[in-house]
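# Commentary on secondary and tertiary structure
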Amino acid sequence: SMSVLRIAALGPRSNVAGTIAFGLGVTVVGDGAAVIDLIRSRKRLDFLVRTVGRYDLVATVPFDSIATFHEFISELRARDDVSAVAAWLHGRIWRERYQSGTAA
């Protein structure tokens, strides 16, 4: 069975003043549905995708402070359905583009 990922109707990046954008790479145990729901619940979530490769999930999430970021990362790492979390700070984004369309 083959799956197709389609991204469509995505608005502009949040770019809210006072926020700090972090990238997250998450490795999950099992299907990861509850972890996806937790990340999706973050306000102003910019990007979340299921991947094949180093991480199971990759996300871009803005936070109001480093303390809020640490709280969220600690919550993720404490979960039984998360085996690893990597995080990085997005210093500056020069280009971010998404195209919608039908898979061939």
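Anything mentioned here points back to the structure above.
Residues numbered from 1 in each chain as written. Predicted model: local features only at pLDDT ≥ 70, side-chain atom pairs only at ≥ 80, totals over all residues. Heavy atoms only, no water.

### Remarks on the packing of aromatic side chains
Where we set the bar: We call Phe, Tyr and Trp rings a pair once their centres come within 6.5 Å, taking the six-membered ring for Trp, and we label the pair stacked below 30 degrees between planes, edge-to-face above 60, and tilted otherwise. The rule is simple: take the accessible area with a 1.4 Å probe, protein chains only, and divide by the maximum for that residue type; under 20% is buried, over 50% is exposed, in between is partly exposed. To sit over a ring, a charge needs its Lys NZ or Arg CZ within 6 Å of the ring centre and within 35 degrees of the ring normal.
What the rule picks out here adds up to 5 aromatic pairs. Seen in terms of ring centroids, F63 and F69 are 5.5 Å apart; in terms of plane orientation they differ by 75°. Their pairing is edge-to-face. An identical accessibility class is assigned to F63 and F69; each is buried. Relative to F72, the ring of F63 lies with its centre 5.8 Å away and its plane at 45°, an arrangement referred to as tilted. Counting every residue linked through ring pairs, the aromatic cluster contains F22, F63, F69 and F72. We note R42 situated over the ring of F72; from NZ or CZ to the ring centre the distance is 5.1 Å.

### Some remarks on helix 1 (residues 33–40)
Each α-helix winds once per 3.6 residues, and so residues spaced three or four apart point in a common direction. Rule in force here: Think of it this way: any DSSP run of H or I at least four residues long counts as a helix, any run of E at least two long counts as a strand, and we number them from the N terminus. Within this analysis, the arc is defined by the directions that extend from the helix axis to the C-beta atoms. In this analysis, two residues are considered to be in contact whenever any of their non-hydrogen atoms come within 4.5 Å of each other.
Among the residues making up helix 1, those that are buried are V35, L38 and I39. All buried residues of helix 1 project into a common sector of 95° when viewed along the axis, lining one side. Residues of helix 1 that are buried in the fold lie against strand 1 (20–28), strand 2 (47–50), strand 3 (57–63), helix 2 (66–77) and strand 4 (82–89).

### Comments concerning the sheet that holds strand 2
The pairing of strands in a sheet happens through backbone hydrogen bonds and is either parallel or antiparallel. The condition is simple: Strands pair, by our definition, only if DSSP identifies at least two bridges between them. Comment: axis = line fitted to C-alpha atoms, over the contacting stretch for helices; angle = value between 0 and 180 degrees taken between N-to-C directions.
The strand order 2-3-1-4 describes an open sheet built from 4 strands, whose pairing is antiparallel. In this open sheet, the two strands that pair with only one neighbour each are strand 2 and strand 4. This sheet shows a mean twist of 20° between the axes of neighbouring strands, independent of strand direction. Sheet topology places strand 1 next to strand 4; 7 bridges connect them, and they run antiparallel. Looking across to strand 4, one finds that G23 is bridged to W88. Most of the contacts of helix 1 go to strand 3, to which it runs at about 25°, and overall it touches strand 1, strand 2, strand 3 and strand 4. Against the sheet, helix 2 touches strand 1, strand 3 and strand 4, its axis set at about 5° to strand 1.

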